[in-house]
Amino acid sequence: SSHVTSHVIYLVKMVALIIFVQNVVHRATDYAMTYSQSKIMKELSKRIFGGMFERLGWNARASEQPTDKELRGMAITGLGHLDDPAILDEAQRLFDVGAIAPDLRGVVYNLAAWRGEPHTFQRLIDMYHGTKDPEEQVRTLRATAGFKDASRLDSALEFSMSSDVRGQDTLF
């Protein structure tokens, strides 16, 4: 019992650290952080997320812990937002073929948007229209806001404010 409790506490601390690192990395381009500090944080993040990804990979295993799915998504997202080419290539491949594990759909959609291939935005819009599942609609809508290109972001904002999107979903 105490072993399980200590394992849970460790995982909670690890998740908190990962979320903190993700937030710092996303703000690393802020002027408050020097180039060398930004580089150090990115390298630290790559080591943390890389180690997690090395252990967890893309595919779930029958013997894994319930928290591994969440950690897998965090590791893949972290590496993708650090522009890891192998992660972005695989996310784009999965997005293009549509063979995505249910717990990684949002991660893959977001990384495909982050990568910014020309066809990705329209495919996300088509996916939004092609499903009646509100959760899937929210996942695709969120991903449209993940492009780096300002014109795509303008298009995402315009779409999210259109009559095609339910009012309660516009906030996502």
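This text follows the structure it describes.
This report concerns the structure included in the present document.

### Quick notes on the overall build of the protein chain
No. 1: A tally of helices and strands in the protein chain yields eight helices and zero strands.
No. 2: Starting at the N terminus and walking to the C terminus, you meet the elements of the protein chain as α-α-α-α-α-α-α-α.
No. 3: Here the protein chain holds 172 residues, and the buried ones make up 40% of them.
No. 4: In the protein chain, the proportion of contacts linking residues at least 24 apart, taken out of those at least 6 apart, comes to 60%.
No. 5: Accessible surface, the protein chain: about 10,300 Å² in total, of which carbon and sulfur atoms supply 57%.

### A word on the nonpolar core
No. 1: Residues Trp 58, Ile 76 and Leu 124 are the most contacted members of the largest nonpolar core, which totals 36 residues.
No. 2: Among the elements of the structure, α2 (35-56), α3 (68-81), α4 (85-97), α5 (105-115), α6 (120-130), α7 (134-144) and α8 (150-160) are those that each provide at least two residues to this core.
No. 3: The dominant element in this core, judged by the number of residues it contributes, is α5, at six residues.
No. 4: Those residues in contact with Ile 76 that lie beyond four places of it in its chain are Phe 53, Gly 57, Trp 58, Ile 87, Leu 104, Val 107 and Leu 111.

### What about the packing of aromatic side chains?
No. 1: Taken as a whole and judged by the stated rule, the model has four aromatic pairs.
No. 2: Aromatic pair Phe 53 and Trp 58: ring centres 6.1 Å apart, planes at 85 degrees, arrangement edge-to-face.
No. 3: Residues Phe 121 and Phe 147 carry aromatic rings whose centres are separated by 5.7 Å and whose planes lie at 65 degrees to one another, so their mutual orientation is edge-to-face. Of the two residues, Phe 121 is situated in helix α6 and Phe 147 in the loop between α7 and α8; the sequence distance between them amounts to 26 residues.

### Here's the deal with the pattern of salt bridges
Two side chains of opposite charge can pair, provided their charged atoms sit close to one another.
No. 1: Tallying each qualifying case throughout the model produces eight salt bridges.
No. 2: Note that Glu 43 and Lys 46 form a salt bridge whose closest N and O atoms lie 3.8 Å from each other. One end of the pair, Glu 43, and the other, Lys 46, are both in helix α2, three residues apart, so they sit about a helical turn from each other.
No. 3: When its relative accessible area of 37% is taken as the criterion, Lys 46 is described as partly exposed.

The rules behind each value
Residues numbered from 1 in each chain as written. Predicted model: local features only at pLDDT ≥ 70, side-chain atom pairs only at ≥ 80, totals over all residues. Heavy atoms only, no water. Helix = DSSP H or I, 4+ residues; strand = E, 2+ residues; numbered from the N terminus. Buried < 20%, exposed > 50% of the residue type's maximum accessible area, 1.4 Å probe, protein only. Contact = heavy atoms within 4.5 Å. Areas by Shrake-Rupley, 256 points an atom, 1.4 Å probe, with all protein chains shown as cover. Core = buried A, V, L, I, M, F, W, Y, C linked by side-chain atoms within 4.5 Å. Phe/Tyr/Trp six-rings, centres within 6.5 Å; stacked < 30°, edge-to-face > 60°. Salt bridge = Lys/Arg side-chain N within 4 Å of Asp/Glu carboxyl O.

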